[in-house]
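Chain by chain, the residues run as shown.
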Amino acid sequence: MHGSKILEEADRLMTVCNSCRYCEGLCAVFPAMEMRRSFSDGDLNYFANLCHSCGACYTDCQFSPPHEFNVNVPKTLAIARAESYAAYAWPRAFSGAFARNGLAISIIAALSVAAFIFGFAAFNDRQVLFGIHTGPGAFYALMPHNAMAALFGAAFLYAIVALVMGVRAFWRDIGEPIGMLADPPSLWQAMKDAGELRYLDGGGVGCVNEDERPTDRRKIFHHLTFYGFALCFAATCVATLYHFLLAREAPYAWWDLPVVLGTLGGIGLLIGPAGLFAEKSKRDPALVDEKGAGMDTAFIAMLFLTSLTGIALLLLRDTAAMGPLLALHLGVVFSLFVTMPYGKFVHGIYRYVALVRYAKERRQAGHTV
Ligand code: SF4
Ligand code: SF4
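Residues numbered from 1 in each chain as written. Chains lettered and ligands numbered in written order. Predicted model: local features only at pLDDT ≥ 70, side-chain atom pairs only at ≥ 80, totals over all residues. Heavy atoms only, no water.

**A look at the overall build of the chain**
- The number of helices and strands found in the chain is 14 helices and zero strands.
- Its helices and strands taken in sequence order, the chain reads α-α-α-α-α-α-α-α-α-α-α-α-α-α from the N to the C terminus.
- For the chain, the C-alpha radius of gyration of 22 Å lies close to 21 Å, the compact-globule estimate for 369 residues.
- When the backbone C-alpha atoms are referred to their principal axes, the chain occupies close to 70 × 40 × 40 Å.
- Relative to its 369 residues, the chain shows a buried fraction of 50%.
- Intrachain contacts of the chain at a sequence separation of at least 6 include 74% that bridge at least 24 residues.
- Carbon and sulfur atoms provide 67% of the accessible area of the chain, an area that totals close to 17,400 Å².
- For the chain, the separation between the mean place of its 30 positive charges and that of its 30 negative charges on side chains is 3 Å. (Helix = DSSP H or I, 4+ residues; strand = E, 2+ residues; numbered from the N terminus. Rg over C-alpha atoms; globule rule 2.2 N^0.38 Å. Buried < 20%, exposed > 50% of the residue type's maximum accessible area, 1.4 Å probe, protein only. Contact = heavy atoms within 4.5 Å. Areas by Shrake-Rupley, 256 points an atom, 1.4 Å probe, with all protein chains shown as cover. Lys, Arg positive; Asp, Glu negative; His and termini not counted. Charge placed at Lys NZ, Arg CZ, Asp CG, Glu CD.)

Given below as structure tokens:
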């Protein structure tokens, strides 16, 4: 007996696959499955988060619908994966945010943007809000740096704590002692596998999307999104160091490191999410968890809007539009931070942790990873 219907179905499929083993070269899920004879809830959640949803095992399967065995691994693992996000949410009271995620994130984003706009209007008179501010410290004419740092630092800290607690719950569920996470070779191997999206390639030929012809488009757009996000995060870190260590205040010149990193990251975060959305809207419905569409779209939209408002702020920061655009950008970024533990962002974290476990158990079993 399993904890949910979808885990019962995942068990049935893995039992069929464990007899067949035709797909063992496609990704990490099948080799991980082959190391087991029976599957606990934690094992199935581990497989679900190890799956990159490339779709190859559906098109390659001789037992996929309309065969009576009805084997659909990508869809089943996608549903199990989404349910696992809610099960690991911290605090548990917020796990319901995953049920109608698109709506929940839209409401939080709208409230956050509205709060910044009304806050800016309430604490600044009209001349300041619509005035032209240039040079170092220009942003802080509208919101003091200390208030900005305290608010965003608290939101970021909260997101980190909630994500760490989620990882703890996942790690416990998949039956591993917490100390195993400190295994450096496995952490490094998982970092390489995640960094190159090794298992989003259908065993080397590419991902299937709208038809059976494999393509690398989803992988490329994922890379642009991930590295775009990483560059934007690096830009924020460098700017924070500039402020506190060098006493250099934002905004910076276009050639300065935070702006260069942020602009490159911003371009990635425009093209990547737009491409992922285009691919998603064409994807064969047989491969996806339809209920998860809102969560996927909300996360893609949040990343896109973060970049769009950031680039608009960069381009128009010397004009009277700077005040309203700063409120808009801060509102979007704040809502992105506070919703990170309750949306699609967690897929990257749990998938990385699943890859750590995979690397560890492969090495323990004497296989090359
Ligand atoms: S997905 Fe189909 S072909 Fe692949 S291992 Fe499972 S049963 Fe075999
Ligand atoms: S969809 Fe791709 S990653 Fe997921 S189990 Fe099938 S082959 Fe592996």
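After that view, the rundown keeps rolling.
**Here we look at the environment of A320**
- Along the chain, A320 falls in the loop between α12 (293-316) and α13 (322-339).
- Residue A320 is classed as partly exposed on the basis of its relative accessible area of 33%.
- Distance from A320 to H133, taken between C-alpha atoms, is 8.0 Å for residues 187 residues apart in sequence.
- Sequence-distant contacts of A320, that is, excluding residues within four places in its chain, are made with L129, F130, G131 and I132.

**Focus on the site of ligand 1**
- In the region of ligand 1, the neighbouring residues are V16, C17, C20, R21, Y22, C23, C57, C61, Q62, F63 and V71.
- Considering each element in turn, the shell around ligand 1 owes the most residues, three residues, to helix α1 (residues 5-20).
- Tallied by class, residues from the shell around ligand 1 come to nine nonpolar, one polar and one charged. (Near = heavy atom within 4 Å. Nonpolar A, V, L, I, M, F, W, Y, C, P; charged D, E, K, R; others polar.)

**Here we look at the domain arrangement of the chain**
- Per the domain assignment, the segments making up the chain are domain 1 (5-87) and domain 2 (90-364).
- The centre of domain 1, based on its C-alpha atoms, is set 29 Å off from the matching centre of domain 2.
- Of the residues lining the interface, 33 residues belong to domain 1; the matching set on domain 2 comes to 34 residues.
- Where domain 1 abuts domain 2, roughly 2,900 Å² becomes buried across the two surfaces, and 60% of that area is made up of carbon and sulfur atoms.
- Of all residues in domain 1, Y46, H52 and Y85 give up the largest surface area on contact with domain 2, accounting jointly for 27% of the area buried on that side.
- Inspection of the region where domain 1 meets domain 2 yields three salt bridges.
- A salt bridge links K75 to E290; the shortest N-O distance between them is 3.1 Å.
- In this assembly, domain 1 and domain 2 are joined by 13 residue pairs in polar contact (both at pLDDT 80 or more).
- With nine residues, the single largest contributor to the side of domain 1 that touches domain 2 is helix α5 (residues 73-88). (Domains from an automatic or database assignment. Buried area = accessible area lost by both parts, 1.4 Å probe. Salt bridge = Lys/Arg side-chain N within 4 Å of Asp/Glu carboxyl O. Polar contact = N/O pair within 3.5 Å; in protein donor to acceptor, adjacent residues only side chain to side chain.)

**Overview of a nonpolar patch on the surface**
- Together, I220, L224, I267 and I271 line one region of the surface with nonpolar side chains, adding up to about 320 Å² of accessible area.
- Listed by contribution, the elements that provide at least two residues to the nonpolar patch are α10 (217-246) and α11 (257-282). (Patch = residues over 30% accessible without salt bridge, like charges linked within 9 Å, V, L, I, M, F, W, Y side chains within 5 Å.)

**Focus: the packing of α11 against α12**
- Direction vectors running N to C along α11 and α12 enclose 145°, while the axes themselves pass 9 Å from each other. The chirality of how α11 crosses α12 is left-handed. Mapping the contact onto sequence places V259, T263, G266, I267, L269, L270, P273, A274, L276, F277 and K280 in α11 and D296, T297, I300, L303, F304, S307, L308, I311 and L314 in α12.
- Partitioning the contact of α11 with α12 into residue classes produces 14 nonpolar, four polar and two charged. (Axes fitted to C-alpha atoms, helices over the stretch in contact; angles between N-to-C directions. Left-handed = near helix turned anticlockwise from the far one by under 90°.)

**Some thoughts on the UniProt feature "transmembrane region" (unreviewed entry) in the chain**
- As annotated in UniProt, the feature "transmembrane region" (unreviewed entry) corresponds to residues 102-123, 147-171, 224-245, 257-278, 298-316 and 322-342 in the numbering used here.
- Secondary structure within residues 147-171 divides into 100% helix and 0% strand; the distance between the first and last C-alpha atoms comes to 36 Å.
- The span residues 224-245 carries 100% helix and 0% strand; its end-to-end C-alpha distance comes to 31 Å. (UniProt positions renumbered as here; feature names shortened; annotations may be inferred.)

**Observations regarding the site of ligand 2**
- In the vicinity of ligand 2, the contacting residues are L26, C27, V29, F30, C51, H52, S53, C54, G55, C57, V73 and P74.
- A class-by-class count of the residues in the shell around ligand 2 yields nine nonpolar, three polar and no charged.

**As for the confidence of the model for the chain**
- Per-residue confidence for the chain averages 95 on the pLDDT scale, and 98% of its residues sit at or above 70.
- Averaged pLDDT values over the elements of the chain bottom out at 88 in helix α7 (residues 126-129) and peak at 98 in α1. (pLDDT = per-residue confidence, 0-100.)

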